[in-house]
Amino acid sequence: MAAEKMALAKAINESLRRALETDPKVVVMGEDVGKLGGVFRVTDGLQKDFGEERVIDTPLAESGIVGTAIGLALRGYRPVVEIQFDGFVFPAYDQIVTQLAKMHARSLGKVKLPVVVRIPYGGGIGAVEHHSESPESLFAHVAGLKIVTPSNASDAYWMMQQAIQSDDPVIFFEPKRRYWDKGEVNTEAIPGPLHKARVVREGTDLTLAAYGPMVKLCQEAADAAAEEGKNLEVLDLRSVSPLDFDSLQASVEKTRRLVVVHEAPVFFGSGAEIAARITERCFYHLEAPVLRVGGYHAPYPPARLEEEYLPSLDRVLDAVDRALAY
Amino acid sequence: MTVESTAARKPRRSAGTKSTAGKRTTARKPENSEPELVQLLTPEGKRVKNAEYDAYVDGITPDELRGLYRDMVLTRRFDAEATSLQRQGELGLWASLLGQEAAQIGSGRATREDDYVFPTYREHGVAWCRGVDPTNLLGMFRGVNNGGWDPNGNNFHLYTIVIGSQALHATGYAMGVAKDGADSAVIAYFGDGASSQGDVSEAFNFAAVYNAPVVFFCQNNQWAISESNEKQTRVPLYQRAQGFGFPGVRVDGNDVLASLAVTRWALERARRGEGPALIEAWTYRMGAHTTSDDPSRYRGDEERVAWEAKDPILRLRRYLEASNHADEGFFAELEAESEALGKRVREAVRAMPDPDHFAIFENVYADGHALVDEERAQFAAYQASFADAEGV
């Protein structure tokens, strides 16, 4: 298999399979990841092929999953754990923030914790509450963690490979509404470093910066804007921590305008950090303040209201218009 | 067990039990009368028989008994020195283990070199048994690092301050040991307060489900800062194990021999693939929770006085003397060694340099992070901006 079209969920599945095949220390663990293959089937067939010792159905306890993964990593394993849904990660938040993130520093570098925490995240699938959240900023605030999120099948495959190989803990946010989107995956050519942003559409008038599920929306917004004669650049940030400010800066110095789009609430969101840093770096290049499009400061709404809460094509275009009006 | 000690033990058993019951008039309740409490040495230093656990210390030699005594005395001396150093302003904080020496030395000496230990922040005696230099423990209390020793150097993990978290790490580590097919075991330390944490219950359950070779060693020192046992639990802690599907034992945590025997039992069955066990070491925190605490606000002195009569070091000394296992020379030599240790610790702490400012940015990540690099550079530039002024 060199290049093949596959769904994003399948790309992660293939990537996990490759990791299990090539590194005997890799273990996959989580709720329902074994026999069922995960509620999204991301781990489908792995337990059948690698056994219950490598693909582990765990008790229903998120803190326990991450806490024991830390212990396994201390023993030399490379656990890839699944948190079933974004809103269920908080029982594990203590283990992630106080233990997983800090142990390398506490040991003055003697301990490494190569743990990947997979979290399907984001809305747009009509789910019940706690199944549609975007908590990436709550983790980005914590030193010691790396946070990445692919937007397409190829990145899903390769970023998972790179996350597993990383000696640092990686929170791997999977855009669940894009799980079924198909894309070309070349399993022989690494597309680039894990924490580097990628220009997915070149433009001159304004930069749309996004990651995960919002990249596709921004591409659609750029298409719509093009019909109105606006030439937008779209940047797929790919990594939230570290964040590739150099690529952002290069893009903004060219377009002079920036709109950041994410599903998470804008208040204290990654867009706020981007706005602050880009303002510092590009103050004399900017023609407009950095604008943000994201969730509101309200609990994630019931499914029949989520289209109003989530960034939409029109909300992105509205922000584009406001930025261009300066 | 040696012939000598068997002979010494037999006639004392019934008498020892009686005198224990009769003498403890000041205790608020007769803890040692708990039928489940495993005890091999009474507070008076009498060896009492125990059909289940004698076998685990039968072969112990006078030399090994003196070794346990020495461990406890030196640990207490180190602990006292650290308390003094805090009072002198050399340490920011100290969490004393005073009163818990037997539980720690007994269990610590039960571990094998290839076993792995997950401590709280009070396991100075266990650290001693594992060969961790005591001065290494003081860095975090002085504020020059947040741990700092190599956990794999002595299979002794970093101190864990967030209560109960390490029980899960121990369980995960033990799951790894089982996967590796190794015959070593893991021991997780925690206290009565930690028993209320969800992580500890989750650890019990994961360990049971995966039959992990881990021993849960709970030092019930009666107090979680100001909260007594009654605020933590409605059932004796060791009984919780049953609900998870593994055995639980309450041992006299002030009895080094019993702590050694029961921990050996638990570790050996874990190594044999028989899964986890819970040991509740019934002991007492003789001092404050930490040097910042004031126990007079929440507990009376009479309780401490009652526990003083059950002192772990005193009872072994009585046993050593009564069975002629140690002479004056031994105690005098140990006293000198103890003072030398205090001096060494004192000098080492005072000589401990403050870390380089740039240590803030060290080891945040194993593979580096662009933001850390950027902020380090900003910090360096900021510091360098004073260079001219200082040079003038």
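Quick caveat, the model's predicted, so the values are computed rather than measured.

Caption draft 1: Inspection of the overall build of chain A at higher detail. Each helix and strand counted, chain A has 12 helices and 14 strands in total. In summary, chain A has a C-alpha radius of gyration of 19 Å against a globular reference of 20 Å for 326 residues, a match within 12%. Its C-alpha atoms give chain A principal-axis dimensions of about 60 × 40 × 40 Å. Expressed as a percentage of its 326 residues, the buried residues of chain A come to 58%.

Caption draft 2: Highlighting the pairing of strand β7 (residues 277-282) of chain B. All names here are of chain B. With six of its six residues buried, β7 lies for the most part within the structure. Residues A277, I279 and A281 point to one face of β7 and L278, E280 and W282 to the other, with burial holding for every one of them. In this sheet, β7 lies alongside strand β3 (residues 214-220) in parallel orientation, the contact comprising six bridges. Looking across to β7, one finds that V215 is bridged to A277. When strand β6 (residues 248-252) meets β7, the two strands line up parallel, connected through five bridges. Residue pairing across strands places R250 opposite E280, the latter belonging to β7. Running through helix α13 (residues 256-271), the crossover from β6 to the neighbouring parallel element β7 is right-handed.

Caption draft 3: Representation of the packing of helix α3 (residues 62-87) of chain B against helix α4 (residues 101-110) of chain B within the structure. Residues and elements named next belong to chain B. Packing of α3 against α4 leaves a shortest axis separation of 10 Å and a crossing angle of 130°. Comparing the axis directions of α3 and α4 gives the class oblique. Crossing handedness for the pair α3 and α4: right-handed. Where α3 abuts α4, its residues L68, D71, M72, T75 and R76 lie against E101, A102, I105 and R109.

Caption draft 4: Here's a closer look at the domain arrangement of chain B. When cut into domains, chain B gives domain 1 (3-350) and domain 2 (357-391). Using only C-alpha atoms to locate each centre, domain 1 of chain B and domain 2 of chain B end up separated by 43 Å.

Caption draft 5: Expanded view of the sheet that holds strand β7 (residues 170-175) of chain A. Residues and elements named next belong to chain A. If you trace the seven strands from one edge of the open sheet to the other, you get β3-β2-β4-β5-β7-β6-β12, paired in mixed fashion. Unpaired on one side and paired on the other, β3 (55-57) and β12 (239-241) mark the two borders of the sheet. Pairs of neighbouring strands in the sheet enclose a mean axial angle of 20°, with direction left out of account. As paired strands, strand β2 (residues 26-30) and β3 are joined by three bridges and run parallel to one another. Note on β3: the bridge partner recorded for V28 is V55. Against the sheet, helix α1 (residues 8-22) contacts β2, β4 (78-82) and β7, and its axis sits at roughly 135° relative to β2.

Thresholds applied
- Residues numbered from 1 in each chain as written.
- Chains lettered and ligands numbered in written order.
- Predicted model: local features only at pLDDT ≥ 70, side-chain atom pairs only at ≥ 80, totals over all residues.
- Helix = DSSP H or I, 4+ residues; strand = E, 2+ residues; numbered from the N terminus.
- Rg over C-alpha atoms; globule rule 2.2 N^0.38 Å.
- Buried ≥ 20, exposed ≤ 12 C-beta atoms within 10 Å, placed from the backbone.
- Pairing = 2+ DSSP bridges.
- Right-handed = clockwise from strand over helix to strand, strands pointing away.
- Axes fitted to C-alpha atoms, helices over the stretch in contact; angles between N-to-C directions.
- Parallel < 35°, antiparallel > 145°, perpendicular 65-115°, else oblique.
- Left-handed = near helix turned anticlockwise from the far one by under 90°.
- Contact = placed C-beta atoms within 7 Å.
- Domains from an automatic or database assignment.

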